[in-house]
Amino acid sequence: MPDWPFPWGAATARVGSVGKKRSLMHARLSRRPTYRSPRIWKTATAALRQIGLVGASIEDASGNPTAPIYPFELAVERVRAAVEAARSLDFPFTLCARAETFLHGRSDLSDTLRRLQAYADVGADVLYAPGLTTRQQIIAVVQAVAPKPVSVLVGIAGLQLSLVGLAEIGVRRVSLGS
């Protein structure tokens, strides 16, 4: 989990200490390529469920500054593996697939839409493209993946829509952090 400055065991222990205080939690999982394996996802999601997590996000950001976004085929393969693992669990698990192109300087809406549509097609429960700022961009995403729910990053510079305005255009979930 590259966002956390400690190894997996310590990360799950930390999440577990918070999870005991909450009934439902959602986590953003690793960018590591090993997470494209259904076996790894099944092990990870089952372990995280034991500490209180009932949802996770998988992103197409690679963590590599020279190639910050996974190639399309690999990104879809990773989402497919995560969906397969989530569906094999014996409890409801919500998987959010993230197209992080806008966060990494790739402001090509058609590429973002193509990725989100593919993630929806392989079974992601929620679709998210953090970094969108215009009404037109957000409407395009909502329409492209309907009837799947869309999440939008609020509090980002340039976003001029209120929560009510987002709901009016079909957004069903918001995030306070990327």
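Now for a quick tour of the structure. Nothing here was measured: the structure is a model prediction, and the numbers come from that model.

## Section: the overall build of the protein
Then, in step 1: Looking only at helices and strands, one finds six helices and six strands in the protein.
Then, in step 2: Taken from the N to the C terminus, the helices and strands of the protein come in the order α-β-α-β-α-β-α-β-α-β-α-β.
Then, in step 3: Relative to its 178 residues, the protein shows a buried fraction of 48%.
Then, in step 4: For the protein, the proportion of contacts with a sequence separation of at least 24, taken over those separated by at least 6, is 67%.
Then, in step 5: Surface exposure of the protein reaches about 8800 Å², of which carbon and sulfur atoms provide 55%.

## Observations concerning unusual backbone geometry
Then, in step 1: Look at the link from Ala146 to Pro147: it is a cis peptide, with omega at 10°.
Then, in step 2: Tracing the sequence through the fold places Pro147 in the loop between α5 (135-145) and β5 (150-153).

## Details of the pattern of salt bridges
Then, in step 1: A full pass over the atoms with the stated rule returns six salt bridges.
Then, in step 2: Put simply, Asp111 and Arg106 hold a salt bridge, and the shortest N to O gap is 3.0 Å.
Then, in step 3: When its relative accessible area of 12% is taken as the criterion, Asp111 is described as buried.
Then, in step 4: Judged by relative accessible area, Arg106 falls into the partly exposed class, the value being 33%.

## Description of the packing of aromatic side chains
Then, in step 1: In this structure the tally under the stated criterion is one aromatic pair.
Then, in step 2: Both rings, one in Phe91 and one in Phe93, keep their centres 6.0 Å apart while their planes meet at 70°; by these two values the pair is edge-to-face. For the pair Phe91 and Phe93, a shared accessibility class is recorded, and that class is buried.
Then, in step 3: In this arrangement the basic side chain of Arg114 is found over the ring face of Phe72, its NZ or CZ atom lying 3.7 Å from the centre.

## Details of helix α3 (residues 72-88)
Then, in step 1: Here α3 contains 17 residues, and its C-alpha end-to-end distance of 24 Å stays within 8% of the 24 Å for a straight helix at 1.5 Å per residue.
Then, in step 2: Of the residues making up α3, those classed as buried are Phe72, Leu74, Ala75, Val76, Arg78, Val79, Ala81, Ala82, Val83, Ala85 and Ala86.

The rules we used
Residues numbered from 1 in each chain as written. Predicted model: local features only at pLDDT ≥ 70, side-chain atom pairs only at ≥ 80, totals over all residues. Heavy atoms only, no water. Helix = DSSP H or I, 4+ residues; strand = E, 2+ residues; numbered from the N terminus. Buried < 20%, exposed > 50% of the residue type's maximum accessible area, 1.4 Å probe, protein only. Contact = heavy atoms within 4.5 Å. Areas by Shrake-Rupley, 256 points an atom, 1.4 Å probe, with all protein chains shown as cover. Salt bridge = Lys/Arg side-chain N within 4 Å of Asp/Glu carboxyl O. Phe/Tyr/Trp six-rings, centres within 6.5 Å; stacked < 30°, edge-to-face > 60°. Lys NZ or Arg CZ within 6 Å of the ring centre and 35° of its normal. Expected span 1.5 Å × (residues − 1).

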